[in-house]
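Observations on the three-dimensional arrangement
If you want the building blocks of each chain, they are given just below.
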Amino acid sequence: MGDGKRDVKNHLLFEIATEVANRVGGIYSVIKSKAPITTHEYGARYNLIGPLNRHSAAVEVEALDPPPGPLADTLRSMGDRGVGWLYGRWLIDGAPRVILFDTKTAYHYLDEWKTDLWSTAGIPSPPGDHETNEAVVFGYLVAWFLGEFVVHEKSRAVVAHFHEWLAGVGIPLCKHRRIDVTTIFTTHATLLGRYLCAGSVDFYNNLQYFDVDAEAGKRGIYHRYCVERAAAHCADVFTTVSHITAYESEHLLKRKPDGVLPNGLNVVKFSAMHEFQNLHAQSKEKIHDFIRGHFYGHNDFDLDNTLYFFIAGRYEYRNKGVDMFIESLARLNHKMKTSGSKMTVVAFIIMPAQTSSLTVEALKGQAVIKALRDTVHVIEQGIGRRLFDRALKWHEGTELPDEAQLMGSQEKIMLKRRVFALKRNSLPPIVTHNMADDSTDPILNQIRRVQLFNHPSDRVKIIFHPEFLNASNPVLPLDYDDFVRGTHLGVFSSYYEPWGYTPAECTVMGVPSITTNLSGFGCYMEELIENAADYGIYIVDRRGKGVDDSVNQLMEFMYDFTTKTQRQRINQRNRTERLSDLLDWKRMGLEYVKARQLALRRAYPQAFDQMQSEIGFFDGTETKVSRPLSAPGSPRDRSGMMTPGDFGSLQEGKELLNTEDYINWKLPEEEDPDEYHFPLTLR
Ligand code: G6P
Ligand code: 1S3
C-alpha cells in the first residue's frame, strides 16, 4: 500500500454502513443528512455501500446502470460469481449513488468466511447470531468489492470510510489482504458501553478498570466486541462522534481515537423568521386535537395553559434517561400542585416497544370527539339557517330572534347523546397501544410506581406512545418533525448518548430541549455556549451530581419552564432557532474532511506531501476548502475551536486545514433586537 503512485487529489470515497437507504437509527440520520455536502464535495467520486434491504430499497432507491469503468467492471465480475447487487440513486437530498449488496446471495460462503475470520484475525463467530452472520457476509463482500475495485482502478486513491461495528468486518480484511485503500472507522457508540450502561453499573467512574474481555464474555457479545476492536485497531484513522465516546473508546476499545466527527444536520432555513413559529402553532393545534380525544370526559384543563413535553428515541430505558424523566415528572407534578400552578404539562414518551395494536380506548377517544365535532357542525349549520330565516322575516314591532329557540329538540337530543358518549368511568389511559408485555414493561411499571395516572388533580399528565409517529396513524396523525414543532420542550435525560440527534433536531426546529452532560451534544453545546439555557439548551449535570440531585435539577428546569409567559416562550424559541447554524453539516462536515486527509496522508505519505507542496491545502475538490458552502461573514463572539473535532491526531492535519478558515459562523442577525436580552457568549 501507499506506493505514492495513486492520485491523492482526485481520490474516490466509499462510505460503508448498514443503514444506507435503510432506516434503523442514528447512522441513517448521519449519512442521509450529510449526503448533500458530501455529494457537493465529491460528485460522482462518492458512493455509499450497504446491505440490500429490498423492502426499503424499493421506496428509497432508483436503480441505475453503473457508469462504465472500474465500478461497473467490479460489480459485473462479482455478479458473474453469483453476488446480487443493486446500484442506483438514493432518493434523498444530494442524490448520492449507492451500491447495495444482497447478502443472501453469498450465504453459502458463510462457513468458509467464518473460518477465515478466525484463522486470519482470531475473531470467533459462534452459530446462531444472525446479526453477526450478516456483519460477516457483508464485511467479506465489501472487502471483495474493494479488493477487485482497486485492481480495476489503478490511478486514483481510494478512501473507505466504515461506520459502526456492523459494517466493520471489512477493515481487518483490507489490512490483512493489503488492499490498496485507506480506511477510516467511525464508531457511533461502543458495544460494551451500551451494554454496561444499560445495567446498573457506575460506568463513567470505572471506565479505566473494566476487564473488557470478561465483561464482553459475560454479556455474550465477545465475538461482536472482537469485530469492533479489530475495526478500531486496523483502521488507518479511528474516530468517534463525541469526546465522551472518544474517552470511552480509548478505555473499552484500547485505541485512542484520532479525532471526533460530530453529527450535523441539514439545516433548512425558513425565509421569514416567523415561519417556524407559525408552524409551531399549526402543529400544536393538531396535538390539541389528539389531547381532546385522549382525555375525553376529562377535558378539565385549559389547553391555552398546557405545555407539551416529550422524550423520544429507541427504547433504552436507562440509557436514554426515561427513568430519570419519569421520576422528575412525578416531582414536578408535586411541585406544581403545591405551588398552585395554573399550568398543565402533558408529557409524551415516544419509544417503540412490542405492541399488538392501538387500544380500543385510544381509538374510541378520537371517534367520540370526531362524532361530537360533526354533530356540533350540523347543529351550527341548522342554527345558522334558522337565524338567517328569522332575521329575514323580522319587521318593526317584532322581537329579534331569540337564541334560546334556535336549537331544535332533535338537535338537543343529538347533542345530549354525543355528550353522554363522553362519560367515562376510568381515568384517561397512559398508553395508546396494547403492549405485548404490559405487566413487565419498565416504563409502565415506573409510571405505576410514581402513580402518575392522569388524575384530574394531576398537573402533569403522561402519554406513552410505544410506536414511532406517523402522519397516517389514526390516533395521533403527525410525522415526527411536525410533532416536535408543536411541542414546547424536548427532554433527553440520557445516561448513555454518544451524540444525541433528538435535542439537536429540536434546536434546528426552534424547540428548546433539556439534555445532559453525558451526551455528546450536551457537552458540545456546554463547551461552546456559556449561557446555553437562555438559548433553550438546558444541560442536566449527570456527572458531578448524585442521581437524586440530577433528578431535582431536571425537575427545576421543567418547573422554571412552566413559569414562563407565552411571550418568554416565543422569544426563547427565536433564540433556540438561531443556534441552528452551529449544527449544520456545513460546519460539522469539516471534521470528515480532516479525517479523510489524515487517512490519505497516512496511507500515501509521498503522494500526499507532493500534492501538498504543489497545491497547498486541498479538500478533494478543485477549490480551497475555506468557506466552501456558506456565505462569508464577520464572526462575532467567537473564540478558538469551533467544531469539536480537534481531539487527537486529526490535528496532524492542522497546518493544512484551519477550522477558523473553513467556518465563519456568526450569530445570525436579530430580527427584533429589543427582545434579545442574552448575548451569546461563545467560550
Ligand atoms: C407562535 C405563534 C403564535 C402563538 C405562539 C404560541 O409563536 O406564531 O401565534 O401564539 O406560537 O406559543 P406557545 O408557547 O403558547 O405554544
Ligand atoms: C447512535 O445511535 P444511538 O441512539 O444508539 O448513533 C447516533 C448517530 O451517531 C448518535 O447520535 C447516538 O447518540 C448513538 O446512540
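Everything below is about the structure printed above this text.
Summarised in this report is the structure supplied together with it. None of the values given here were measured: they were computed from a predicted structure.

Calculation notes
- Residues numbered from 1 in each chain as written.
- Chains lettered and ligands numbered in written order.
- Predicted model: local features only at pLDDT ≥ 70, side-chain atom pairs only at ≥ 80, totals over all residues.
- Heavy atoms only, no water.
- Helix = DSSP H or I, 4+ residues; strand = E, 2+ residues; numbered from the N terminus.
- Buried < 20%, exposed > 50% of the residue type's maximum accessible area, 1.4 Å probe, protein only.
- Contact = heavy atoms within 4.5 Å.
- Areas by Shrake-Rupley, 256 points an atom, 1.4 Å probe, with all protein chains shown as cover.
- Near = heavy atom within 4 Å.
- Polar contact = N/O pair within 3.5 Å; in protein donor to acceptor, adjacent residues only side chain to side chain.
- Nonpolar A, V, L, I, M, F, W, Y, C, P; charged D, E, K, R; others polar.
- Pairing = 2+ DSSP bridges.
- Axes fitted to C-alpha atoms, helices over the stretch in contact; angles between N-to-C directions.
- Phe/Tyr/Trp six-rings, centres within 6.5 Å; stacked < 30°, edge-to-face > 60°.
- Lys NZ or Arg CZ within 6 Å of the ring centre and 35° of its normal.
- Parallel < 35°, antiparallel > 145°, perpendicular 65-115°, else oblique.
- Left-handed = near helix turned anticlockwise from the far one by under 90°.
- Core = buried A, V, L, I, M, F, W, Y, C linked by side-chain atoms within 4.5 Å.
- Arc of directions from axis to C-beta.
- Salt bridge = Lys/Arg side-chain N within 4 Å of Asp/Glu carboxyl O.

**A word on the overall build of the chain**
Across its full length, the chain holds 25 helices and 17 strands. In the chain, which comprises 683 residues, the proportion classed as buried is 57%. Put simply, 76% of the contacts in the chain that link residues at least 6 apart link residues at least 24 apart. Put simply, the chain shows about 28100 Å² of open surface, and 51% of that area lies on carbon and sulfur atoms.

**Side note on the site of ligand 2**
As a matter of local geometry, ligand 2 sits amid 13 residues, with His188, Asn263, Arg314, Lys320 and Glu497 nearest to it. Contacts to ligand 2 include Arg314, whose side-chain N or O atom sits 2.2 Å from an oxygen atom. Here an oxygen atom of ligand 2 sits 2.7 Å away from a polar atom, N or O, in the side chain of Lys320. Relative to its unbound accessible area of 360 Å², ligand 2 is 91% covered by the protein chains. A per-class count over the shell around ligand 2 returns five nonpolar, four polar and four charged.

**Details of the sheet that holds strand S11 (residues 344-350)**
What the six strands build is an open sheet, ordered S14-S11-S10-S15-S16-S17; its pairing is parallel. Strands with a single pairing partner mark the edges of an open sheet, and in this sheet they are strand S14 (460-465) and strand S17 (537-540). Adjacent strand axes in the sheet meet at a mean angle of 25° when their direction is disregarded. Here two bridges tie strand S10 (residues 306-312) to strand S15 (residues 489-491), and the two strands are oriented parallel to one another. Considered in S15, the bridge of Phe310 is made with Gly490. Its contacts with the sheet put helix H13 (residues 322-338) on S10, S11, S14 and S15, and the angle it makes with S11 is roughly 170°.

**A word on the site of ligand 1**
The full set of residues close to ligand 1 is Gln277, Asn278, His280, Ala281, Lys284, His488, Gln566, Arg569, Ile570 and Arg573. Separating an oxygen atom of ligand 1 from a side-chain N or O atom of Gln277 is a distance of 2.8 Å. Here an oxygen atom of ligand 1 sits 2.8 Å away from a polar atom, N or O, in the side chain of Lys284. Taken by itself ligand 1 offers 390 Å² of open surface, and the protein chains cover 78% of this. If you list the elements that add at least two residues to the shell around ligand 1, you get helix H12 (275-294) and helix H21 (566-577). Its residues placed into classes, the shell around ligand 1 shows two nonpolar, five polar and three charged.

**Some words on the packing of aromatic side chains**
All chains considered together, the criterion is met by 27 aromatic pairs. Ring centres 4.9 Å apart and planes at 85° place the aromatic pair Phe203 and Tyr204 in the edge-to-face group. Summarising the aromatic geometry, the rings of Tyr315 and Phe464 are spaced 6.3 Å apart at their centres and angled 85° between planes, so their arrangement reads as edge-to-face. Placement of the pair is Tyr315 in the loop between S10 and H13 and Phe464 in strand S14, with a sequence separation of 149 residues. Looking at Arg318, its charged tip hangs above the ring of Tyr495, at a distance of 4.4 Å from the centre.

**With respect to the packing of H12 against H21**
How two helices sit against one another is set out by the angle between their axes and by the gap between those axes. Two elements in contact, H12 and H21, have axes whose closest approach is 10 Å; the angle formed by their N-to-C orientations is 125°. The angle between H12 and H21 falls in the class oblique. Where H12 crosses over H21, the two elements pack in a sense that is right-handed. From H12, Phe276, Gln277 and His280 reach across to H21, where they touch Ile570, Arg573, Asn574 and Glu577. A class-by-class count of the residues in the contact of H12 with H21 yields two nonpolar, three polar and two charged.

**Quick look at the sheet that holds strand S8 (residues 237-240)**
Overall, mixed pairing links the nine strands, which are arranged S3-S4-S5-S2-S1-S6-S7-S8-S9 in an open sheet. Two strands close off the open sheet at either side, each with one partner strand: strand S3 (61-63) and strand S9 (259-260). In the sheet, strand S7 (residues 182-187) pairs with S8 via four bridges, with the strands oriented parallel. In the strand pairing of S8, Ile184 is matched with Val237. Lying on the sheet, helix H11 (residues 243-252) is in contact with S7, S8 and S9; it crosses S8 at an angle near 125°.

**Some details on the environment of Pro477**
Checked against the element boundaries, Pro477 lands in the loop between S14 and helix H17 (480-486). In this structure the C-alpha to C-alpha distance between Pro477 and Phe290, which are 187 residues apart in sequence, comes to 8.4 Å.

**Things to note about the environment of Gly486**
Relative to the helices and strands, Gly486 is located in helix H17. Residues in contact with Gly486, not counting those within four places in the same chain, are His280, Ser283, Lys284, Ile287 and Tyr308.

**Considering the nonpolar core**
Grouped together as the largest cluster of nonpolar side chains are 120 residues, with contacts concentrated most on Ile291, Leu332, Phe348, Ile349, Met525 and Met558. When sequence neighbours within four positions are dropped, the list of residues in contact with Ile349 reads Ile311, Val322, Phe325, Ile326, Ile443, Ile447, Ile462, Ile463, Phe464 and His465.

**Concerning helix H24 (residues 605-615)**
Every buried residue of H24 is accounted for by Ala607, Phe608, Met611 and Gln612. When H24 is viewed along its axis, its buried side chains cluster within an angular range of 135° and face the same direction. Seen from the open side of H24, the exposed residues pointing more than 90 degrees away from its buried face are Gln606, Ser613 and Glu614. The inward-facing, buried residues of H24 contact strand S1 (7-16) and helix H23 (590-603).

**Thoughts on the pattern of salt bridges**
For the coordinates displayed, the defined rule picks out 29 salt bridges. A salt bridge links Glu316 to Arg314; its shortest N-O distance comes to 3.0 Å. Put simply, Arg331 and Asp548 hold a salt bridge, and the shortest N to O gap is 2.8 Å. Of this pair, Arg331 sits in helix H13 while Asp548 sits in helix H20 (residues 547-562); the two residues are 217 residues apart in sequence, bridging distant segments of the chain. Residue classification places Arg331 among the partly exposed positions, given a relative accessible area of 21%. Relative accessible area serves as the criterion here: at 43%, Asp548 is assigned to the partly exposed category. Through salt bridges with shared partners, one network takes in Glu285, Asp289, Arg292 and Arg373.

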